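# A closer look at the structure
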Amino acid sequence: MGISDARIFLPYGDGRYTSVYFRIANSGDADDELTSVTSPEMEEAMLSTDRSNGQGAASMTMVGSATVPGGGTLAMSPYGLNVMVKTKTKTHWRPGDSVPFVLHFRHSGSRKSLAVVVRPGID
């Protein structure tokens, strides 16, 4: 599993909730599953998906896992699959800081990644 483009949105104000996004490439032939994401800086992390209702609003649903297709890529975004996190304490992050994460896969084990802090709306 290759992990790239890891980014975490700078929380708004004194907020402790934010989202993290990863691009995961599976160079193997078989599908694998991302089952969870953890971080020593997070109180909780949950896989979720955001969907537009077509009327200018969105809904968020927690998901138990996400398939990473064999020979393919899973690209997270604010408009689909992401990781909703709650920080352990109020953060003092600045854009460009790095936050450690571990992605846990059903077949490939665990992989470490550093997510770069970005302001929302920055791709």
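Structure report, in brief. (Residues numbered from 1 in each chain as written. Predicted model: local features only at pLDDT ≥ 70, side-chain atom pairs only at ≥ 80, totals over all residues. Heavy atoms only, no water.)

## Some points on the overall build of the protein
Our working rule: To qualify as a helix, a DSSP run of H or I must reach at least 4 residues; to qualify as a strand, a run of E must reach at least 2; elements of each kind are numbered from the N terminus. The globule rule used for comparison is 2.2 Å times the number of residues to the exponent 0.38, while the radius of gyration itself is calculated over C-alpha atoms. Only protein chains enter the calculation, and the probe is 1.4 Å; a residue is then buried if its accessible area is under 20% of its type maximum, exposed if over 50%, and partly exposed in between. The contact rule is simple, with two residues in contact once any of their heavy atoms fall within 4.5 Å. Here the accessible surface of atoms and residues is derived via Shrake-Rupley with a 1.4 Å probe, and residues count as covered only by protein chains that are part of the display. Neither His nor the chain termini are counted; the positive set is Lys and Arg, and the negative set is Asp and Glu. Where a charge sits is defined by one atom per residue type, namely NZ (Lys), CZ (Arg), CG (Asp) or CD (Glu).
Helix and strand content of the protein: 0 helices and 10 strands. The C-alpha radius of gyration of the protein comes to 14 Å, within 12% of the 14 Å expected for a compact globule of 123 residues. Each of the three principal axes of the protein carries a C-alpha extent, and together these read 45 × 35 × 25 Å. Relative to its full complement of 123 residues, the protein shows a buried share of 37%. Residue pairs at least 24 apart in sequence account for 67% of intrachain contacts in the protein once pairs closer than 6 positions are excluded. For the protein, the accessible area works out to roughly 6,900 Å², and carbon and sulfur atoms hold 49% of it. Between the averaged position of the 12 positive side-chain charges in the protein and that of its 12 negative side-chain charges there is a distance of 6 Å.

## With respect to the pattern of salt bridges
What counts, and what does not: Think of a salt bridge as a Lys or Arg side-chain nitrogen and an Asp or Glu carboxyl oxygen that are within 4 Å of each other.
Taken as a whole and judged by the stated rule, the model has 4 salt bridges. As a salt-bridge pair, Asp5 and Arg23 come within 3.2 Å of each other at their nearest N and O atoms. Of the two residues, Asp5 is situated in strand 1 (residues 2-9) and Arg23 in strand 2 (residues 17-25); the sequence distance between them amounts to 18 residues. Note on Arg23: relative accessible area 37%, which makes it partly exposed. Close ionic contact of Arg16 with Glu43 constitutes a salt bridge, the shortest N to O distance being 2.8 Å. Taken together, the residues span a long stretch of sequence, with Arg16 in the loop between strand 1 and strand 2 and Glu43 in strand 4 (residues 42-52) at a distance of 27 residues. Take Arg16: its relative accessible area is 26%, and that puts it in the partly exposed class.

## Quick word on the side chain of Ser19
Relative to the assigned elements, Ser19 resides in strand 2. When its relative accessible area of 11% is taken as the criterion, Ser19 is described as buried. Residues in contact with Ser19, not counting those within four places in the same chain, are Arg7, Ile8, Phe9, Asn82, Val83 and Met84.

## Digging into the pairing of strand 1
Each regular strand carries side chains that alternate between the two faces of the sheet. Our working definition: By definition, two strands form a pair when at least two bridges between them are found by DSSP.
Where strand 1 and strand 2 come together, 5 bridges link them in antiparallel fashion. Bridge pairing links Arg7 to Tyr21 in strand 2.

## Considerations on the pairing of strand 3 (residues 32-38)
Strand direction decides the pairing type here: strand 3 and strand 6 (residues 66-68), joined by 3 bridges, are antiparallel. Within strand 6, the residue paired with Leu34 across the bridge is Ala66. Of the pairings in the sheet, the one linking strand 3 to strand 9 (residues 98-105) comprises 4 bridges and is antiparallel in character. From the neighbouring strand, Val37 faces strand 9, where its bridge partner is Leu103.

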